[in-house]
Amino acid sequence: MSNTSEILEQLEELKCNVAASLQEISELDICNKTFLQAYLNDYSKINPSSIIFIQAVIDYMYEKVNIGNWKEVKPFLRKTITIASYLKLLIYLHDKKVFTNSVVQECFKIIDYGILFGSPLDKEPKLLQKCAGILQSIHIHRSDDSTNKIKLETNVVDLQEIKYNVIPLEVLDCPSMEYFYKNFILKELPVVLDKCINHWPALKKWQDPNYLLEIAGMRTISIEIGNKYTDADWTQKLMTLKEFITEHIYKSNTSTGYLAQYQLFDQVPELRNDVTEPEYCCFSDSDDPTDIMAWFGPKGTVSPLHHDPKKNLLAQVIGEKQIFLYAPTDSEYLYPHEHELMNNTARVDPREPDLTLYPKYASAKAYYCLLKPGQLLFIPPKWWHFVESLSVSFSVSFWWE
C-alpha cells in the first residue's frame, strides 16, 4: 500500500491547466460551470456529498452526448465530461489515506470512463492519460497472487489456399521505401511485408498475457460481443481488460468478445511503447496523424467482408489470421448491403460463398494471405477484405490518408 498525499500532489499540479480549460466549455449552463469552477478553486468545498454532485454532472453530460448522432455532439459536452472526471478523481481520493488495489481500480475506472466518453482539452490534451500514468507509477495494479499465471495458446490448423480457389499475395522481405511506394502505394495493390517489425518489443512481451494484465488489467475498455458486427444480436459492453481476458480469451463457453478497432494505445501509452509506427506510413496525402488501433480476441473472431477509406498496414503480433481481399473493381460481385450505413460491407462470406444467392461472386478474383506474427499486410483504400482469427490473436492496424 502507498500513501495518497504524494500522488494527490502530482494530480493537483494539472489543476491550473484544467481551470484554464473552463473557457473551452463556455457554452455549458451557468449552474454546472459554476459548480465545476468552485471545486477547482476551493478544496474546502469538498464534503461527503461532493462525489454525488460531480457524478450528477457526468450523468447529465452523458445523456446529452448520447442523444442523436455521435458525430454531431457538441465538443463542449464531451470536454465537460473530461473536466468532471478529473474532479471526480480528486474528490474520490480526498479522504483516502492509503492506496489499496480496490482504490486504484476505482481510480482507473473514473479515468477510463472520462477517456471513453470525454474529449481532449486544448490546454491539457492528455489530462486523463497523465492521471493514469501517475497512478501507474505506484505499481499497485499487479495481478493478485491467487491468480494462476496464464499463457496464450496460438496453435492453428493448416489451411491450403487451393481450398478457396484464391491467388496468394506476394510476400516481400522488408522492401525499400522506393520500391514499396512505386509498386504498391502508387498502384494501390496489397502485399505482405515480412521482417519489418522484428524489433518490436510487443512480439515478445505480448505473448505473456500476465504482462498485459500487469500494465492494463484494471483498465476499462469497450468490447464487441457477438460473432460479427452484422449479426442482429451484436452489441458492445464495458469491462476491464482482466475481465475480458478471463471471460473471453480463455473460456470457450461464453459469447464471443472482441477488442476490435480500439484506440487502446491512446488510453494506455505504456503499451504504445511496445510498437513503432512503420516507416511506410510516411507516404501520406495529409498532415493528419496515423490512427493506431488494437485488435485482440480469441480464435474465431471475424471481420465481415468490408472496405475502408484509408490506407492500412495491419501488423500481426500474436497468433495468425486468414485474410481474403478483393479489388474495388470487384464490388458488384460481392453484393454490398444496400443500406447507406452498411454499404461498405458485403453479404458474401468468402469461406463458403452461396452462389445460389450470390451468383455474380463466381466472377470475383479473390486474393489470400495467412498473416503470421511479425508480418505486415498493406491494404490499399477501398480494397475489400475479410479477416478471421485462426487462434488467439493480437493485431495492430495503422490507418492513414
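Refer to the preceding data block for the structure.
On a predicted model such as this, the values are computed, not experimentally measured, just so you know. (Residues numbered from 1 in each chain as written. Predicted model: local features only at pLDDT ≥ 70, side-chain atom pairs only at ≥ 80, totals over all residues. Heavy atoms only, no water.)

Visitor: Lay out the side chain of Lys-15 with the relevant residues and their values.
Guide: As for its position among the elements, Lys-15 is in helix α2 (residues 15-20). Although Lys-15 is buried, it forms no salt bridge, and the closest oppositely charged side chain is Glu-12 at an N-O distance of 5.0 Å. (Helix = DSSP H or I, 4+ residues; strand = E, 2+ residues; numbered from the N terminus. Buried < 20%, exposed > 50% of the residue type's maximum accessible area, 1.4 Å probe, protein only. Lys, Arg positive; Asp, Glu negative; His and termini not counted. Salt bridge = Lys/Arg side-chain N within 4 Å of Asp/Glu carboxyl O.)

Visitor: Give me the lowdown on the environment of Thr-235, citing residues and values where you can.
Guide: One can find Thr-235 in strand β7 (residues 235-240). Spatially, the C-alpha atoms of Thr-235 and Pro-336 are 22 Å apart, while their sequence positions differ by 101 residues. Beyond its immediate chain neighbours, meaning those up to four positions away, Thr-235 contacts Ile-223, Glu-224 and Ile-225. (Contact = heavy atoms within 4.5 Å.)

Visitor: Any chance you could break down the sheet that holds strand β12 (residues 321-326) for me, citing the residues and the numbers?
Guide: Backbone-to-backbone hydrogen bonds pair the strands of a sheet. The strands run either parallel or antiparallel. Read across the open sheet, the 5 strands follow the order β3-β13-β12-β15-β10; overall the sheet is mixed. In the strand order of this sheet, the two ends are held by β3 (167-168) and β10 (302-306), each with one partner. Across 6 bridges, β12 lies against strand β15 (residues 384-389) in antiparallel orientation. When the sheet's bridge partners are listed, Gln-322 is paired in β15 with Glu-388. (Pairing = 2+ DSSP bridges.)

Visitor: For the nonpolar core, give the residues involved together with the corresponding values.
Guide: Core analysis: the largest hydrophobic core is formed by 98 residues, its most contacted members being Leu-36, Trp-206, Phe-244 and Leu-271. The leading source of residues in this core is helix α5 (residues 75-94), at 12 residues. If we skip the residues at most four places from it in the chain, Phe-244 touches Ile-221, Ile-223, Met-239, Ile-249, Gly-257, Tyr-258, Leu-259, Phe-296 and Gly-297. Grouped together as the second largest cluster of nonpolar side chains are 17 residues, Leu-305, Leu-334, Tyr-335 and Phe-386 included. (Core = buried A, V, L, I, M, F, W, Y, C linked by side-chain atoms within 4.5 Å.)

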